Amino acid sequence: MTDKYNTISKQSQGLFKDNGSRFIAYAYPIASESEVKPIVDALRREHHAARHHCYAYRIAKVEEGADGPYLSKEGIWRANDDGEPSGTAGKQILGQIDSAGLRDVLVVVVRYFGGILLGVPGLIRAYKMSTADALAAATVVEKTASRHYRIGFDYSQMPAVERELKNFGLQATGRDFAQDCSLELAIPLNKEKDFLEHIEKIGIFKNKIKML
């Protein structure tokens, strides 16, 4: 299975209107489930007068197989109807993410009720169309599946660590400079084996290498 997949490069927005109701869709690139709640909560505060804040996401996940790591077909996903009739909102949002062939994407659809009930078919159409509009406005980019690691080292080794990361084209996704230093890295599958073998050989990480 390929280690490449498509995602979006930045936030985009879409809109669908029906019988006075407005469905505003926000699409976001994300890398982990921990990013979802802050985004949804921020939209709830911004659109506090809206009746529903429905969402769905699919995130790429790497699994270990007999022939080594591979990109999971399903990944990590969730669909939330936020009080709409079951299956009319979150499932439709997720379906549009999948139809677009995207991962590492969250879409939140904010609904302002217009006073006229749309019925199940109307809701299904609205959540589909608003999501499709947001994704059509997004810039699609290719991404390589990665696994996440935390590495530890002495502060005095920082220049050497930065040099090795630069040599492999890697950037830290998190940093902790306490008594000892540590970095979190997202290492693409196509670089993982070579990088781990190299840092074990040069020994600058004091054997403090942990998969997250």
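Bear in mind that the values here come from a model prediction, so they are computed numbers and not experimental data. Chains are numbered independently. Their residues run from 1 in the order of the written sequence. The predicted nature of this model means local features are confined to residues of pLDDT at least 70 and side-chain atom pairs, given and counted, to a pLDDT of 80 or more, with totals for whole chains, interfaces and linings taken over all residues. By convention in this description, side-chain values take in all heavy atoms of the structure and omit both hydrogens and water.

### Some remarks on the overall build of the protein
So, point 1. Each helix is a run of DSSP H or I of at least 4 residues and each strand a run of E of at least 2, with the numbering of both proceeding from the N terminus. Looking only at helices and strands, the protein has 5 helices and 13 strands in total.
So, point 2. Seen along its three principal axes, the alpha-carbon backbone of the protein occupies a region of about 65 × 40 × 25 Å.
So, point 3. The contact criterion used is simple: two residues touch if any of their non-hydrogen atoms lie within 4.5 Å. For the protein, contacts bridging at least 24 residues in sequence account for 72% of all contacts bridging at least 6.
So, point 4. The Shrake-Rupley method, run with a 1.4 Å probe, gives the accessible areas here. Residue values count only the displayed protein chains as cover. Accessible surface for the protein amounts to roughly 11400 Å². Of this, 49% is attributable to carbon and sulfur atoms.
So, point 5. Across the protein, the mean location of the 29 positive side-chain charges is 4 Å away from that of the 27 negative side-chain charges. Two residue types count as positive, namely Lys and Arg, and two as negative, namely Asp and Glu; His and chain ends fall outside the count. The atom standing in for a charge is NZ when the residue is Lys, CZ when it is Arg, CG when it is Asp and CD when it is Glu.

### Side note on the sheet that holds strand β13 (residues 209-211)
So, point 1. Pairing between strands is defined by DSSP: at least two bridges between them are needed. Read from one edge of the open sheet, 4 strands run β11-β12-β10-β13, paired in antiparallel fashion. Looking at strand neighbours, the two that pair on one side only are β11 (172-177) and β13, the edges of this open sheet. Across the sheet, the axes of successive neighbouring strands diverge by a mean angle of 20°, strand direction being ignored.
So, point 2. Both β11 and strand β12 (residues 181-188) contribute to a ladder of 5 bridges, which runs antiparallel. Across the sheet, the residue bridging to Gly 174 is Glu 184, located in β12.
So, point 3. The angle between two axes is taken between their N-to-C directions and runs from 0 to 180 degrees, where each axis is a line fitted to C-alpha atoms and a helix contributes only its stretch in contact. Where helix α4 (residues 158-167) meets the sheet, it contacts β10 (146-153), β11 and β12, and its direction lies at approximately 5° from that of β12.
So, point 4. Seen against the sheet, helix α5 (residues 189-202) touches β10, β12 and β13 and runs at an angle of roughly 140° to β12.

Purely geometric numbers; function is a separate question.
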